[in-house]
Structures are given as C-alpha cells and as structure tokens.
Amino acid sequence: MTDEASVDRGDTLDVEALRGAVVVGVIPDQPPRVLKEAARYARLHGAPLAVVYVDVTRFVTYEDPDGYVHSAPIDLNITGDGDDLMRIEAAAADLLVGAGIRWSAHELVGDPAMAMRQFADRIQARMLVVGTRRRGLGESIREFFTGSVAARLAHRQQRPILVVPLGEPLRDDEDLWPA
C-alpha cells in the first residue's frame, strides 16, 4: 500500500474504499500519539485509516438520499474559521508520510460519539481509536456535562475501541478531578 490522502467535507464518501477501516477521532493540536497508534493498528490489519474530526459547533439539519449531509451552526453568532480540518489534515499528512497505509480525512458534525458511531456503522469500520481527555478543570467540567466520548462509544456500539492515554499517567494516589 502507499500513503494516500483525501479530504471529505461531507459531499462525497467512498464507502467501499473505506470498508473495514480503522477510524480515529482527532481534534486540533492533539498530541500525535493517538494518530500514531491508529496508524499502527491500520497497518497491522491491512486496513485504511479514516481520520475523523467532529465539529461540535454544528449540527445535522438533514441528509440527502445520496448521503450529502446538510448542517447548520448551533449558534448563528459563532462563525468557525473552517481551518480545523485543514490543520488536522496537514498534521496527519506530516505524521503519516511513509507509514505505508491509505488514509483519508473526514469532517463530521454534531455529538462526537454519535457522529463517529454512525460513520463507523456506514463504513463497517474494524475499530475506533480515541484519545483520553486533556487534563484540567475546564475539561473536567465539560466531561461532567457531556460525558466521556470513549465511554459513550463503548456503550453505544459493538466495535472494539482503543483509548490512547494522553500525557503522563496519574499516580495511584493522585485525584482524577483536582479541586
């Protein structure tokens, strides 16, 4: 296999080319460890890698019969710069050069766990790969209200999930949610 890349902005999705892919959920400026682990599993399985970014500032309004997804911003006063997928694609291209796998970048919208599950169902993905949350008070509050993407995926679909730890592991006596 050779390194190849493409970007899907919702207008096309070659389901057959992605069938059985390893799906990795990424966010901008995420440590490269998650993508590296996903690429390793894709290579081990001889599967393509689907690099997925979920824009949580938008939601699905409707989906055409041909699969084209129409979306709208959650808040009309917030305008995203649209650069997140381009930054993720550039980082993936740098990281995956010479990896010996086919890969593609895809932007989804809405709830990350639900969007990734639906995407994985559509392409009959082999497995899902996600990173742990970033440490910090803001992330702890967000996770309290929205829940862990990894935990929500584990309870809402049947595929194996690889959760890649980010940063240094906590000591056994260290509090998960510092005051």
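Structure's up top.
Described in the following lines is the structure provided in the data block. (Residues numbered from 1 in each chain as written. Predicted model: local features only at pLDDT ≥ 70, side-chain atom pairs only at ≥ 80, totals over all residues. Heavy atoms only, no water.)

### Things to note about helix α6 (residues 149-156)
Okay, step 1: Buried residues of α6: Ala 150, Arg 152 and Leu 153, and no others. Down the axis, α6 shows its buried residues gathered within 165° of arc, on one side only. (Buried < 20%, exposed > 50% of the residue type's maximum accessible area, 1.4 Å probe, protein only. Helix = DSSP H or I, 4+ residues; strand = E, 2+ residues; numbered from the N terminus. Arc of directions from axis to C-beta.)

### Re unusual backbone geometry
A negative phi angle characterises most non-glycine residues, just as the trans form characterises most peptide bonds.
Okay, step 1: In this model, Asp 29 sits at a positive phi of 60°, which is unusual for a non-glycine residue.
Okay, step 2: Within the secondary structure, Asp 29 sits in the loop between β2 (22-25) and α2 (33-45).
Okay, step 3: Take Asp 29: its relative accessible area is 65%, and that puts it in the exposed class.
Okay, step 4: Even without a glycine there, the phi angle at Gln 124 is positive, about 55°.
Okay, step 5: Here Gln 124 is to be found in the loop between α4 (112-123) and β7 (127-131).

### What about the nonpolar core?
Okay, step 1: One finds Val 24, Leu 49, Val 51, Leu 96 and Val 129 to be the most contacted residues of the largest nonpolar core, which totals 23 residues.
Okay, step 2: Broken down by element, the residue count for this core peaks at five residues, all from α2. (Core = buried A, V, L, I, M, F, W, Y, C linked by side-chain atoms within 4.5 Å.)

### A look at the pairing of β7
The side chains of a regular strand alternate, residue by residue, between the two faces of the sheet.
Okay, step 1: Among the five residues that make up β7, four are buried, leaving the element largely enclosed by the rest of the structure.
Okay, step 2: In this sheet, β7 lies alongside β2 in parallel orientation, the contact comprising three bridges. Across the sheet, the residue bridging to Val 23 is Leu 128, located in β7.
Okay, step 3: One ladder, built from four bridges, connects β7 with strand β8 (residues 161-164); its direction is parallel. Bridging from a neighbouring strand, Gly 131 pairs with Val 164 of β8. (Pairing = 2+ DSSP bridges.)

Limitation: the analysis is restricted to geometry and does not speak to function.
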